[in-house]
Amino acid sequence: MLDHKTNKLLCKVDADTPMGQLMRRYWQPISAVSELSRNPLKSIRLMGEDLVLYKDLSGNYGLVDRHCPHRRADMKFGFRETCGLRCSYHGWLFDNTGACVSQPFEETDDLKGRFKEKIRIKAYPVEVKGGLVWAYLGPDPVPLVPNYEPFEWENGFIQIVFSEIPCNWFQCQENSIDPVHFEWMHSNWAAGQTGDTKSYAPTHLKVDFEEIEHGIVYKRIRADTNEANPLWTVGRNCLWPNSLFTGNHFEWRVPIDDRNTLSVGWFYNPVPQDMRPFKQDEIPSWRSPVTDAQTGEWITSHVMNQDFAAWVGQGEMADRSKEHLGRSDRGVIMMRKRFLDDLERIKNGQDPKAVYRDLATQGRIDLPIFDREYLATGPTRAEVNDPNFKNARYFKKFIYQVGQPEAIWADYCAAMGTT
Ligand code: FES
Ligand SMILES: [Fe+2]
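Residues numbered from 1 in each chain as written. Chains lettered and ligands numbered in written order. Predicted model: local features only at pLDDT ≥ 70, side-chain atom pairs only at ≥ 80, totals over all residues. Heavy atoms only, no water.

What's the story with the pattern of salt bridges in this structure? I'm lost.
Side chains carrying opposite charge are able to pair once their charged atoms draw close together. The final tally for this structure, using the stated rule, is 33 salt bridges. Arg 287 is paired through a salt bridge with Glu 35; the nearest N and O atoms lie 2.8 Å apart. Taken together, the positions of Arg 287 in strand β19 (residues 285–287) and Glu 35 in helix α3 (residues 33–38) put the pair 252 residues apart, joining distant regions of the chain. Note on Arg 287: relative accessible area 37%, which makes it partly exposed. (Salt bridge = Lys/Arg side-chain N within 4 Å of Asp/Glu carboxyl O. Helix = DSSP H or I, 4+ residues; strand = E, 2+ residues; numbered from the N terminus. Buried < 20%, exposed > 50% of the residue type's maximum accessible area, 1.4 Å probe, protein only.)

Can you walk me through the sheet that holds strand β7 (residues 93–94) in this structure?
Adjacent strands of a sheet form backbone hydrogen bonds with each other and so pair up, either parallel or antiparallel. Reading across from one edge, β5-β6-β7-β8 is the order of the four strands in this open sheet, with antiparallel pairing throughout. Because the sheet does not close on itself, it has two edges, and the strands there are β5 (79–81) and β8 (100–102). When β7 meets β8, the two strands line up antiparallel, connected through two bridges. Of the residues in β8, the one forming a bridge with Leu 93 is Ser 102. (Pairing = 2+ DSSP bridges.)

Got a minute to help me understand the coordination of the iron ion (ligand 2) in this structure?
Six octahedral donors around a metal ideally sit at 90 or 180 degrees from one another, while four tetrahedral donors ideally sit at 109.5 degrees. The iron ion (ligand 2) binds to the protein through His 181 (NE2), His 186 (NE2), Asp 307 (OD) and Asp 307 (OD), with metal-donor distances spanning 2.1 to 2.5 Å. Classification of the site at the iron ion (ligand 2) as irregular follows from its four donor atoms and the range of 56 to 148 degrees in their angles at the metal. Of note, the iron ion (ligand 2) draws all its donor residues from one chain, in the sequence arrangement H-x4-H-x120-D. With His 186 in helix α6 (residues 180–193) and Asp 307 in helix α8 (residues 303–313), the pair connects residues that are 121 residues apart, well separated along the chain. His 186 sits in the buried class, given a relative accessible area of 12%. The class of Asp 307 is buried, set by a relative accessible area of 4%. (Donors = N, O, S within 2.8 Å, 3.2 Å for Na, K, Ca; no water. Tetrahedral: all angles 85-135°; square planar, octahedral: opposite > 155°, others 65-115°.)

The values reported here are purely geometric and, on their own, carry no functional implication.
Shown next as structure tokens:
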């Protein structure tokens, strides 16, 4: 259990808070390349800051203050130029470093004027990796965008899914180090929703947690597995500072502000050996709802939607002074402690955990990968069409989030060669 002060310390992400400063030391995925292809100018709220993300007419990305420094007009109504974004109110133009490069009337009225040299709009670096658009809101020197090894995998169907969750990011990330919820939430409760109230999943017998360079690995033994099973020998990864990596997918919990989180899912499915080579022109992305449009009820039919319901159920900002942590929560305790330790490291001028700076040794981040062999070699086309195949669930529907566009499912089925 945490006191109120420590609870708030871990949760709050505005720029003037310790955790806000810690989270600004990391690149955050905020959109997808394909999302910007469809809509090259969009408003973004990130860690309590209102911003506008755009792709200019030269194809460069920019992330600037939502409000123009002239008279505060909304840059979301700006227009994209060859180099940067022009405010639609009086035409001031800003490049993606934040420099004001044109002030039409000021320059006409005072040919020798140097007013624009004094003007900047707040601007942050943007990079692209794995089909995601990443932003860095922290101090120089800017670290490397984490190049996790799955971003370099080929022959997979990848898709990116976004959802907005109305609760604090930290309780979402605590879910990344919580093995036992899988048995109850995603197995027993999920089965109960389909009318099956009798069959219970194999129980967890043992869990363990191990800190690695990139996060904390969690391992489990269930009644149907033993210490030779990859659930124990490899485990799953709680990545720093705000991601879960299970082997075939990542889930980031990106703080929009103290009371809202952007869930960013990155899903990889290997295409069958006999359907290779396979290459996507662009990684598709889509937005997934969290509540039913008709009833307003939380959707709980899909794996991550079940998680979302759990997180929101903990309250807008979970009150950890009222918790009772048990032996299954050792990973949660490790995670909180490491963040609190890192706040001290930052005070001492050190980097927090898993900030990558050395291209030679950290240019690619290799991870413990559950079912690595399957992900590398893929199934056969016959297996994909076999209802008894061990991974058959991946070929019946998209299991993780609700509302996948039909066109993406059709492209997926074509890539997989499902009949
Ligand atoms: S408010 Fe943006 S140019 Fe005037
Ligand atoms: Fe879950």
